[in-house]
Amino acid sequence: MDVLRGITIGGMILVNSPGTWEHIFAPFRHSAWNGMTFADLIFPLFLFMTGVSMYISLQKYNFMLTLPLFVKILKRTALIFLIGMGIYALAPFGNIRILGVLQRIALCYGCGAVLVCCIRHSRLPWIVSILLLGYFLLLLWGNGFEYGTGNILSLVDRHLLGIDHMYNDQGIDPEGVLSTFPCIAHVLVGFCIGRICLSPVSADCRLNQLYLYGTLLLLAGWLLQDICPLNKKVWSPTFVLVTCGCSTLLLAVLSACIDVTRQFRTIWPFQVFGANSLFCYVLSEVLFILLDAIHLQGTSIHMLLYNGLSTICGDNAVSSLVFALLFTGVIWLVGYLLYQRKIFIKL
């Protein structure tokens, strides 16, 4: 689980830190609308792992929502949310974006943690189904697959958040208000998978269950995409199914290679990101913003570094990727120093 979380954070930093957004290789570019690329899989994978980790962290409380636990969940939710807003306050833009990646993680964690402590776990698949089906009907009713301001998601976001406080992609905010609901279902699926991972059965039985459920989720999403398109920006139900299926299968493969057959023994390079996952992500966002904000001789440090790489590499897309790899490497080195000193920063 630490390895997969580390791979996820590394992938998020890599995808979010190109030398220039104008020149990116296709797998690292988000889908313009319907469809899915490698980049579209990274954030859902992190939400999935949030659910898996939630099972581990709440198990010691026997999933009972006491007042101290509720306060702890509320504090962690508020802290992650405020840090997310604080990151956008650093950006050289006019107004603070209210919702974003960390804010979505916070809301999904908070809602998911309360739900799993108040509802029988055997009923969680029904809750997931109701959330996804209800959201699909909402998309059908409210032109939810329209890429424009007539989309119900855009209408609600502009009314509740205001156009100046949202990411405006033709009126669509990919981390908007209504699309948070299928993300809560996403975390709950991860929670159910975490329950399987720690179930008191043999390792072979756990792996078989992971392979089975991962395959079923993936197939269900692919087969239903003609009715409900794969779309990250609206976080469509089929997008939830496909990405949860991929995440489950990836977790199963890593579990087999690391825990069962032990073919993959050197795992600490991935654990560096996994041990301080949120800290490394926040650090990458802050540093990337500062590289854009600080100027030398009228040019941002970001562009100075990218232009230097372009002179060496020649190809713009290659230079952009090299910049992202070097930037990710810098964040990894910071994480390695913390990992080596056994410093684990928890939010």
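Report follows, based on the coordinates. (Residues numbered from 1 in each chain as written. Predicted model: local features only at pLDDT ≥ 70, side-chain atom pairs only at ≥ 80, totals over all residues. Heavy atoms only, no water.)

1. Examining the overall build of the chain
- If you tally the helices and strands in the chain, you get 13 helices and two strands.
- Against the globule reference of 20 Å for 347 residues, the chain gives a C-alpha radius of gyration of 20 Å, in line with a compact fold.
- On the principal axes, the C-alpha backbone points of the chain span a range of 60 × 50 × 40 Å.
- Per-residue burial for the chain yields a buried fraction of 49% across its 347 residues.
- Considering only contacts within the chain whose residues lie at least 6 apart along the sequence, 70% involve residues at least 24 apart.
- Counting every atom, the chain has about 16400 Å² of accessible surface; 67% of that belongs to carbon and sulfur.
- One way to put it: in the chain the 20 positive side-chain charges average out to a point 16 Å from where the 15 negative ones average out. (Helix = DSSP H or I, 4+ residues; strand = E, 2+ residues; numbered from the N terminus. Rg over C-alpha atoms; globule rule 2.2 N^0.38 Å. Buried < 20%, exposed > 50% of the residue type's maximum accessible area, 1.4 Å probe, protein only. Contact = heavy atoms within 4.5 Å. Areas by Shrake-Rupley, 256 points an atom, 1.4 Å probe, with all protein chains shown as cover. Lys, Arg positive; Asp, Glu negative; His and termini not counted. Charge placed at Lys NZ, Arg CZ, Asp CG, Glu CD.)

2. Re the packing of helix α8 (residues 203–223) against helix α9 (residues 237–260)
- Relative to each other, α8 and α9 sit at 155°, their axes nearing to 7 Å. Between α8 and α9, the crossing angle belongs to the class labelled roughly antiparallel. Considering only the axes of α8 and α9, their crossing is left-handed.
- Considering only residue class, the contact of α8 with α9 consists of 17 nonpolar, seven polar and no charged. (Axes fitted to C-alpha atoms, helices over the stretch in contact; angles between N-to-C directions. Parallel < 35°, antiparallel > 145°, perpendicular 65-115°, else oblique. Left-handed = near helix turned anticlockwise from the far one by under 90°. Nonpolar A, V, L, I, M, F, W, Y, C, P; charged D, E, K, R; others polar.)

3. Quick look at the environment of Asp226
- Turning to its location among the elements, Asp226 is positioned in the loop between α8 and α9.
- Take Asp226: its relative accessible area is 76%, and that puts it in the exposed class.
- Considering only alpha carbons, one finds Asp226 and Arg158, 68 residues apart in sequence, at a separation of 29 Å.

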